[in-house]
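Secondary and tertiary structure notes
Now for the letters of each chain:
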Amino acid sequence: MLGYSAKETAIVLDITVPATTSALQRARATLSSLPAAEALPQPDDLPTRRLLDRYVAAFEAHDYDALVSVLHEDAASAMPPFSWLVCGRANIAALMAASDACAGARLVPCSLNGAPGFGQYRPDGGGRLVPFALVAVEVQKGLISTVVTFLESAHRFAEFGLPPVLDGPASPSTDE
C-alpha cells in the first residue's frame, strides 16, 4: 500500500498484519471489477460539456470574469499536498489573478475517478508544454462547485490517458 509493507501499513492503521492483507485483497478485487480508465464516460450532457469548455477557456485565457461566471458562489479550491482551502468564487478568481504562475498553461480533459477532470500542462521554457498537475472538478446545479489541483501528480498522467508532452505553443494570456 503506497510502497509500505503489510507490517508497516498495519502499524499505521493500528490493525493486525492479517487484517491489512485481507483489506488489500478486498481492495484489489474491487478495483479489478471497475471499468478501465479509458472506458469511463466523459460528461454526456451538453450543458456540462459546455460548462467545462467555458472553464477551460477562462483558465487558459486568465479571464477572471469568465472564471467567476462558471463557479458556484461558494465554490471551493484546494491544492494537495498543501493544507489550504480557498472558498468563494471571488476569492478563487482573486487568487488566480494575483499570480501568473499558470500563464501559458493548458488543460486537457480526462476522467478522474469517473468524474470530469483535466491534466494541467505548463510551459517548460523550451516551447513545450509538460505535465504539471491533475485537476478534478465537481459540477453541481450547472456550475463548478469544487476544483482540486493535485500537485506532484505529473508522473501519473499516462494512467489517465494523457500525453507525456503537448507540442505547440502555450495558450496566450490576456495579461500580456
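This one's a predicted model, so the numbers in the text were calculated from it and none came from an experiment.

Take the pairing of strand S1 (residues 71–78) next. Most of S1 is tucked away, with six of its eight residues classed as buried. Judged from the four bridges that link them, S1 and strand S6 (residues 143–150) form a sheet pairing that is parallel. Residue pairing for S6: Ser77 is matched across the bridge by Val147. Pairing geometry for S1 and strand S2 (residues 85–87), over three bridges, is antiparallel. Paired with Ala78 across the two strands is Leu85, which belongs to S2. Here S1 hands over to S2 after six residues, the two strands then running antiparallel side by side.

Geometrically, the link from Pro80 to Pro81 is a cis peptide bond, its omega value of 20° lying close to zero. Structurally, Pro81 is set in the loop between S1 and S2. Despite not being glycine, Asn113 has its phi angle at roughly 55°, a positive value. Of note, Asn113 is situated in the loop between strand S3 (106–112) and strand S4 (115–123). Positive phi is not limited to glycine here, since Lys141 has a value of about 55°. The residue Lys141 is located in the loop between strand S5 (129–140) and S6 in this model.

Our focus in this paragraph is the sheet that holds S6. Pairing is mixed in the open sheet, where six strands are placed in the order S2-S1-S6-S5-S4-S3. Of all the strands in the sheet, the pair left with one neighbour each is S2 and S3. Sheet twist, expressed as the mean angle between neighbouring strand axes with direction ignored, is 20°. Alignment of S5 against S6, held across seven bridges, turns out to be antiparallel. Residue pairing for S6: Val135 is matched across the bridge by Thr149. Contacts from helix H5 (residues 89–97) reach S1 and S2 within the one sheet, and its direction differs from that of S1 by about 50°.

Rules of the game
- Residues numbered from 1 in each chain as written.
- Predicted model: local features only at pLDDT ≥ 70, side-chain atom pairs only at ≥ 80, totals over all residues.
- Heavy atoms only, no water.
- Buried < 20%, exposed > 50% of the residue type's maximum accessible area, 1.4 Å probe, protein only.
- Helix = DSSP H or I, 4+ residues; strand = E, 2+ residues; numbered from the N terminus.
- Pairing = 2+ DSSP bridges.
- Axes fitted to C-alpha atoms, helices over the stretch in contact; angles between N-to-C directions.
- Contact = heavy atoms within 4.5 Å.

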